[in-house]
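# Structural features, examined
The primary structure of each chain is shown beneath.
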Amino acid sequence: MSGQFTGWPERAMDVLWQLQGEPDHATRERCRADRERLVRQPMIALLNAVADTDSRYEDFSVWHYRTDSWWWQHQGAVIRLGRKIEIGLRFSLDGLRIQGAWWYPDPGQVDTFRGAVASEGSGRELAAIVEDVRKKGYDISGDVMKRPPRGYPADHPRTDLLRHRSLIAARSLGCEEWLHTPEAVDRVLSAAADLDALLMWLVRHVKRAA
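Let me begin by describing the structure that accompanies this report. Since we're looking at a predicted model, the values are computed, not measured. (Residues numbered from 1 in each chain as written. Predicted model: local features only at pLDDT ≥ 70, side-chain atom pairs only at ≥ 80, totals over all residues. Heavy atoms only, no water.)

Turning our eyes to something else, we now look at the packing of aromatic side chains. Enumeration according to the criterion identifies seven aromatic pairs in this entry. Ring plane angle 80° and centroid distance 5.1 Å describe the contact between Trp70 and Trp71, whose orientation is recorded as edge-to-face. Residue class for Trp71 comes out partly exposed when judged on its relative accessible area of 22%. What links up through ring pairs into an aromatic cluster is the set Phe5, Trp8 and Phe91. (Phe/Tyr/Trp six-rings, centres within 6.5 Å; stacked < 30°, edge-to-face > 60°. Buried < 20%, exposed > 50% of the residue type's maximum accessible area, 1.4 Å probe, protein only.)

Right, dumping it as structure tokens:
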């Protein structure tokens, strides 16, 4: 099932149902081949289709399932756009979820981010982008300090952003019939377009450590 993307087969949900809870070794081994064929391979085909549409999305990885049960129940993938800047996808019984993230920063990246946030031009641009993404239904999160960082005034107009040590925008794309059709490619591309301004801001301003 590593060829053209046609959607996740409905049987993919049956496989994930069997892996709920804490499946024992025998259950995992019984489901292994079906999970690879019906759950993981469609994710590979999806990301190949997305990359064929936009060459910026060519650097991707589709995770294998590890020893932890969670990894068997959730099929993850990432598209790398810059250093620690990614689009993440996750397929599970809840459907398909997408996020745009700058996280697990390299040393110096947080200082670089804060400098760009504090700068009037780039900082106001990011604040507007984040607000637009939020209005489109994305949850904004990350590793956020309780207090403003040292060196910045507590009343800085973008203190909420300055407190971030990572920045994530995420939402569920749903669990409707389109998951089982090629329409899922268009859904992912539409969401990627929602996240594009945010991710490109991060690529411009944070991709390299200071």
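To continue, consider the pattern of salt bridges. Considering all chains together, one arrives at 19 salt bridges under this definition. Taking the shortest distance from any N to any O, the salt bridge between Lys136 and Asp132 comes out at 3.2 Å. Using a relative accessible area of 39% as the deciding quantity, one classes Lys136 as partly exposed. Where Arg163 meets Asp160, a salt bridge forms, and the shortest distance between an N and an O atom there is 3.4 Å. With a relative accessible area of 51%, Asp160 lands in the exposed category. (Salt bridge = Lys/Arg side-chain N within 4 Å of Asp/Glu carboxyl O.)

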